[in-house]
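# Residue-level structural notes
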Amino acid sequence: MLNFILRKRQLGLALLVSLLAFSGSAETLKEVAKKRGLTDKDLLAAAKTYTPSGKKDEYLVFSSGGQAGQLIVYGVPSMRLLKYIGVFTPEPWSGYGYGEVEGMHRLKEGMIRGTKITWGDTHHPALSETNGDYDGQFVFINDKANPRVAVIDLKTFETVQIVVNPIFKSEHGSSVVTPNTEYAMEAAQYPAPYSNKYVALTQKNFNEIYRGGITYWKFNREKGRLMPKQSFTVELPPYMQDITDAGKLISDGWSFTNSINTERYIGGFGNGNTHLKHKLANEAGMSAKDTDYMHIVNWRKAEKLFKAGKFKKINGHAVISMKDMVKANALFLLPESKSPHGCDVSPDGRYIIVAGKLDTHATVYDFKKIKRLIDKKDFAGKDPYGIPILDMQKSIHKQVQLGLGPLHSQFDKEKGIVYTSLYVDSAVARWDYLKGKLLEKLPIHYNIGHLVTAEGDTVNPDGKYLIALNKLAIDRFNQVGPLHPQNHQLIDIKGKKPMSLLYDMPLPLGEPHYAQMIKADKLKPVIRYKKRSFKNYVRPGKERVERKGNKVTIHSTAIRSHYSPEVISIKKGDHVTWHITNVERAQDQTHGFTVDTYNLHASIEPGETVTLKFVATKSGVFPFYCTEFCSALHLEMSGYLLVK
Ligand code: CUK
Ligand code: CUA
């Protein structure tokens, strides 16, 4: 009995001691905030963004990876990075671009005139749309430097196609999709001859032979591929076409593309003119006029011309001439404040907001007015190429003074509310484009380029969150040398409250230009590949090495924790095709694969078969192994390639 009481007392004491110890170590929110110097506003921002372990994000952002030539996926509001998708650049982790991998030899497809290009200047991701809403099936992204467009299948988050523009030498207003993803658009940027021939840069040649244009890449949703043979380009003058948007609802069937340098200035410096003063350099010569032009294209009419065979083939690609477009009443110009940048169509399709980098105003054009002028053939003149010019004043709904360096616009859930980035001011302007009224400005850090709101490009924006894609980080993060990370700033735009800054996310991978934000529940990615869905599927028990002359085909399987076969002997000079099937069915059971010193890498996800091709140029002993820590016996998951 005594014993029992004693034991009970000891137990109570131990409990008390541990409780004391616990309350001694657990800090209160107040204490932590005080120690870290956090204000109430900081705590609120933390509560709005902090996402506990296991909880998921409401939105996913698809951000361009800038010069990294990749696509970056992260969650909102947590701003947690989820994936880098290799697009124009090899991505070693996923094995993208190493050897020849099943469905993943895209980099070869993206070769231009014999050059294998291992990077891209990605600018604008475009999520596929159904009736003007993101449908979560595909995302497109462009390469400005090497005019290309890529398709990423959102079932696997992998790049499934790269198409090379056959006639452009650069591009920019891309990728943009039409409301049912009939087309992915690609507008040229720096005018150049369509042919690949040398054409001297004289004013005459520039005016007559150098060209801009917009390519309409036909998309086949069932195949999940762009169809080059069903795609066409609308020829445009050598104005530098820029940002492009597709019409929707009442403006469906039309597209709108800004331009800069309608002066057709060809450069004072270089070209033998090194004695010329700086005022004749590009930036001055290209912004001499007060206005530039928006190109208004009726792409449905262009499609009809294409289907009627009214095109000529250049480099094997269909080009519809400006002349035929004008004759068909399908191409118009509309003056814009000089050197404009953003060109964004409102959710109802009626208004087009153009922000002029060098103008403090944003101009709101009314498509109804534009359409009326077009229907009445009420034109203010013609450009040197015979393209009708609409009257600017007669097309405008409002012009609103926003601040310095307005660039891009994104829309809110609330009708009439739009957000415009102010590059020079380093601010986001919230304003009403229907009433023509500036409502609020929020300073950001620093020099914002694009901005993105939740579902902001659709017919049904969600508003809620806005991300400022800032060009400079300066003092926002720990110093890591002179090249700073990019800074994506998350801003709360819910309700009618003032906008508030929530979070800074550094992105250390290229300079993203644009991003799109989609509801996470619209995405339905696969967890594993269907068995036997790959033509080179290797069935367990059927692993083998086959030889025909110097062609060796290896059929391997991978499963925790071994490859079959494990020892493979070949001869120097053999052409090796290596199929490996990951026969796992468990979620996240990926195996990696490499043959040492052969610059090969693969990531084999559950159910996937990858194919690596290489020539055994070196003799010797080459261990191969799994590069994902897949089990306790992961290190043992290895073998030898013996090359005699
Ligand atoms: S562009 Cu970079 S900030 Cu390529 Cu859309 Cu405007
Ligand atoms: Cu498989 Cu490590």
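Residues numbered from 1 in each chain as written. Chains lettered and ligands numbered in written order. Predicted model: local features only at pLDDT ≥ 70, side-chain atom pairs only at ≥ 80, totals over all residues. Heavy atoms only, no water.

## Re the domain arrangement of the protein chain
The figure often quoted for interface size is the accessible area lost as the parts come together. Filter applied, for reference: Where a domain begins and ends is set by an automatic assignment or by a domain database.
When its domains are assigned, the protein chain resolves into domain 1 (2–49), domain 2 (59–268 + 277–522) and domain 3 (544–643). The C-alpha-based centres of domain 1 and domain 2 are spaced at 53 Å.

## Examining unusual backbone geometry
The test is simple: Elements are defined by DSSP. Helices are runs of H or I of four residues or more, strands are runs of E of two residues or more, and each kind is numbered from the N terminus. For the exposure calls, accessible area comes from a 1.4 Å probe over protein chains only, and a residue counts as buried if that area is under 20% of its type's maximum, exposed if over 50%, partly exposed in between.
The linkage connecting serine 174 with the following residue, serine 175, adopts the cis geometry, with an omega of -10°. Structurally, the position occupied by serine 175 is in strand β8 (residues 171–177). Phi angles above zero are rare outside glycine, and lysine 377 is one such case at about 55°. Within the secondary structure, lysine 377 is located in the loop between α9 (367–376) and β23 (381–382). By relative accessible area, lysine 377 is classed as partly exposed at 49%. We note that lysine 464 has phi near 60°; this positive angle belongs to a residue other than glycine. Its location among the elements puts lysine 464 in strand β31 (residues 463–470). The class for lysine 464 is partly exposed, based on a relative accessible area of 27%.

## Describing the layout of surface pockets
Put simply, the rule is: Lining residues are those with an atom within 4 Å of a point, where the points come from a 1 Å grid over the protein atoms alone and group into cavities, where a 1.4 Å probe fits but cannot get out, or pockets, open sets with protein on both sides within 12 Å along at least five of seven lines. Grid points are joined across faces, edges and corners, and a volume is the space filled by probe spheres set on the points.
Here the largest pocket is characterised by a volume of approximately 1200 Å³. Taken together, 37 residues make up the lining of the largest pocket; nearest its centre are Leu82, Lys83, Phe157, Pro525 and Val526. Every element with two or more residues in the lining of the largest pocket is listed here: β3 (81–86) and β7 (158–164). With five residues, the top contributor of residues to the lining of the largest pocket is β3.

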